[in-house]
Amino acid sequence: MSIDPRDVKEQLIQIYPKKLRQKRSEQIVVTEHREDGSVPEIKANVRSSPGIITQRGCTYAGCKGVVIGPSRDILSLVHGPIGCSFYAWLTRRNQTRPDGPDAQNFINYCLSTDMQEENIVFGGEKKLKVAVREAYHLFHPKAIAIFSTCPVGLIGDDVHAVAREMKEELGINIFGFSCEGYRGVSQSAGHHIANNGLFKHIIGNVETQHDEKFKINLLGEYNIGGDGFVLEDMLTRCGIKQISTFSGNSTYETMANSHTADLNLVMCHRSINYVAEMMEKRFGIPWMKVNFIGATASAKSLRRIGEYFEDDGLKARIEEVIAEEMAKVEAVQAVVKARCQGKTAMLFVGGSRAHHYQQLFTEIGIKTIVAGYEFGHRDDYEGRKVLPGLKIDADSRNIEEIEVVPDPERYRARRTPEQLARLEAMTELEFRDYIGMMPEMDEDTLVVDDLSHHETERLLEIYKPDIFCAGIKEKYGVQKMGIPCKQLHSYDYGGPYAGFRGAINFFNDIDRMVNMKIWSYVTPPWQSPAKQPEEVAAD
Ligand code: CFM
């Protein structure tokens with residue numbers, strides 16, 4: 001494509017006032033792979049500007065909706081006005097599969113204290129206590145999580161004190177989250193707050209020991225559209241025991257028992273890297289970034305697990321599974337690739353998928369021409385090597401950094417530093433690392449952080465991509481411009497897209513979308529002459 005991304009960048013920001021133009025110009029970069037292995041610096045994880053229509057969500061969404069919500073038997077109680085609950089009720093397609101008809105499953109429920117004006121004026125703690133008792137007597141859960149929404153922080157209700165008192169009174173695990181929507185610049189702050197809560201109140205509470213040889217936790221996999229089911233099946237067939245998932249299809253018990261695993265696999269770095277880091281420090285479990293989005297990526301990640309455990313039997317089983325699955329993937333891939341080769345995609349999603357899904361598109365010959373995260377940090381773009389140089393700003397200072405020391409009784413280094421270094425040198429294993437999105441993108445590709453609606457429209461006009469990937473807020477605006485939009489948060493009504501089986505679903509769904517004739521019948525607004533005011537009035 002002969003469009004110069006630097007010109008495009010100018011076109012995206014030229015309409016903005018000077019200060020905003022300067023800020024956005026630091027959040028939009030053109031990829032470049034330098035000799036020292038570095039990529040250009042991007043400004044990320046900063047406040048969205050007032051007046052801009054951003055894709056982002058709030059801190060409460062990241063804490064309750066993303067990280068804790070997918071667990072099926074922790075009862076989630078929202079302390080706040082009812083709207084905060086209504087708009088978070090069953091809007092993320094995180095699936096779960098209870099062990100039997102009698103097993104607890106609260107995923108479909110939506111519990112709220114329904115704060116009223118009176119509670120805002122006189123305080124809501126009493127109402128919260130009544131709600132906790134009521135919830136306990138109705139459901140008898142093992143644990144109750146209380147989530148604060150904006151007004152709670154503004155009026156100063158102490159949800160943690162209420163949680164402690166209720167824990168004492170009812171004898172079950174009850175903990176609160178100060179995850180008011182405004183706590184951070186996006187849902188990313190909510191991830192961190194949720195990670196801290198998982199670590200302080202759940203991980204390490206259940207001491208069941210498992211006899212299996214290869215025990216892992218899968219971190220940052222939320223079972224959207226059934227992704228987690230596919231991965232669990234795949235890992236089980238390889239002979240790998242999944243102690244817990246954070247937090248797709250999980251239970252309180254599995255997460256509480258997760259410190260007994262011997263390796264943490266991190267799928268979504270953005271939302272869960274804090275738990276991975278803290279578990280290594282307290283319990284001695286190394287963590288490794290994996291990617292099960294895309295067939296080649298899945299095969300590579302499985303082989304890396306085999307390398308870590310250094311077991312020939314496990315490696316052989318992994319190869320069997322890969323061979324069997326790859327044969328099925330390749331059959332579909334060949335057909336779909338022939339029909340999609342040379343097409344183009346744009347991806348603007350969250351803090352991880354805009355990277356992972358580029359791989360899936362590549363497998364069917366579709367090139368990613370522009371990509372960006374909604375709320376990723378610099379390390380998600382440039383790799384964790386930038387972490388030591390990151391400055392803590394006022395927004396990140398809002399969130400507690402837990403001081404973690406080795407557990408005096410339960411710390412057990414699963415691998416010595418020498419073993420880890422040997423594994424890193426010998427194979428493609430890197431521990432505690434994520435290389436980020438930009439190093440894996442083509443040279444001279446545009447990367448846009450926290451994309452705005454104005455920029456979306458300009459990008460569509462300039463590049464006319466064959467497919468645009470984002471969420472529900474963008475979907476119909478994009479499709480009215482004649483370009484199909486795939487929701488990469490919810491997968492629309494589709495999925496699973498993870499692992500080998502998921503790749504096949506993705507190839508087929510994308511093939512249908514990019515090759516559907518209907519899009520050529522939509523006339524984008526910029527191709528029809530503008531109506532005169534009198535014509536508009538006569539309509
Ligand atoms: Fe991680 Fe996610 Fe994502 Fe995310 Fe999300 Fe999501 Fe996402 Mo929507 S945890 S960062 S906060 S992979 S809900 S399952 S799709 S924005 S890219």
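Quantities reported herein were computed from a predicted structural model and do not represent experimental measurements.

Caption draft 1: Representation of the sheet that holds strand β12 (residues 446-448) in the model. What the six strands build is an open sheet, ordered β1-β12-β11-β10-β13-β14; its pairing is mixed. One side of each edge strand has no neighbouring strand; the edge strands of this open sheet are β1 (28-30) and β14 (485-487). For this sheet, the mean inter-axis angle between neighbouring strands, taken without regard to orientation, is 20°. Where strand β13 (residues 467-470) and β14 come together, three bridges link them in parallel fashion. Note on β14: the bridge partner recorded for Phe 468 is Cys 485. Along the sheet face, helix α21 (residues 499-514) touches β13 and β14 and points at about 155° away from the line of β14.

Caption draft 2: Up close: the site of the ligand. As a structural note, the neighbourhood of the ligand is formed by 13 residues, with Arg 92, His 191, Tyr 222, Cys 268 and His 489 the closest of them. Considering only residue class, the shell around the ligand consists of five nonpolar, six polar and two charged.

Caption draft 3: Inspection of the side chain of Lys 475 at higher detail. Its place among the elements puts Lys 475 in helix α20 (residues 472-479). The class of Lys 475 is buried, set by a relative accessible area of 6%. Among the polar contacts listed, one links the side chain of Lys 475 to the backbone oxygen of Cys 485, at a separation of 2.7 Å. Apart from the residues within four sequence positions on either side, Lys 475 is in contact with Cys 485, Gln 487 and Asp 492.

Caption draft 4: Region of the structure containing the pattern of salt bridges. Applying the stated criterion across every chain yields a total of 37 salt bridges. Asp 395 is paired through a salt bridge with Arg 47; the nearest N and O atoms lie 3.0 Å apart. Taken together, the residues span a long stretch of sequence, with Asp 395 in helix α17 (residues 394-397) and Arg 47 in the loop between β1 and α3 (59-68) at a distance of 348 residues. Since its relative accessible area comes to 17%, Asp 395 is described here as buried. A salt bridge links Asp 262 to Arg 412; the nearest nitrogen and oxygen atoms lie 3.5 Å apart. In this pair, Asp 262 sits in the loop between α11 (252-256) and β8 (263-266) while Arg 412 sits in the loop between α17 and α18 (417-426), placing the two residues 150 residues apart along the sequence. Look at Arg 412 and you get partly exposed, because its relative accessible area is 46%. Look at the salt bridges and you will find they share partners, linking Asp 233, Arg 237, Glu 324, Glu 325 and Lys 328 into a network.

Caption draft 5: Focus on a nonpolar patch on the surface. A cluster of nonpolar side chains, namely Phe 86, Tyr 87, Trp 89 and Leu 90, defines an oily patch on the protein surface of about 510 Å² accessible area. Residue placement: Tyr 87 occurs in the loop between α4 (82-86) and β3 (111-112).

Caption draft 6: Molecular detail of the packing of aromatic side chains. Scanning the model with the defined rule gives 15 aromatic pairs in all. Between Phe 86 and Tyr 87 the ring centres are 5.2 Å apart and the planes differ by 90°, which places this aromatic pair in the edge-to-face class. The class of Tyr 87 is exposed, set by a relative accessible area of 66%. By the ring-pair criterion, three or more aromatic residues cluster together here, those being Tyr 357, Phe 361, Tyr 491, Tyr 497 and Phe 506. Taking the ring centre of Tyr 308 as reference, the NZ or CZ of Arg 415 above it sits at 4.2 Å. Above the face of the Tyr 476 ring, Lys 475 is positioned so that its terminal group lies 6.0 Å from the ring centre.

Quick notes on the rules
Residues numbered from 1 in each chain as written. Predicted model: local features only at pLDDT ≥ 70, side-chain atom pairs only at ≥ 80, totals over all residues. Heavy atoms only, no water. Pairing = 2+ DSSP bridges. Helix = DSSP H or I, 4+ residues; strand = E, 2+ residues; numbered from the N terminus. Axes fitted to C-alpha atoms, helices over the stretch in contact; angles between N-to-C directions. Contact = heavy atoms within 4.5 Å. Near = heavy atom within 4 Å. Nonpolar A, V, L, I, M, F, W, Y, C, P; charged D, E, K, R; others polar. Buried < 20%, exposed > 50% of the residue type's maximum accessible area, 1.4 Å probe, protein only. Polar contact = N/O pair within 3.5 Å; in protein donor to acceptor, adjacent residues only side chain to side chain. Salt bridge = Lys/Arg side-chain N within 4 Å of Asp/Glu carboxyl O. Patch = residues over 30% accessible without salt bridge, like charges linked within 9 Å, V, L, I, M, F, W, Y side chains within 5 Å. Areas by Shrake-Rupley, 256 points an atom, 1.4 Å probe, with all protein chains shown as cover. Phe/Tyr/Trp six-rings, centres within 6.5 Å; stacked < 30°, edge-to-face > 60°. Lys NZ or Arg CZ within 6 Å of the ring centre and 35° of its normal.

Remember, this is a structural readout, not a statement about activity or role.
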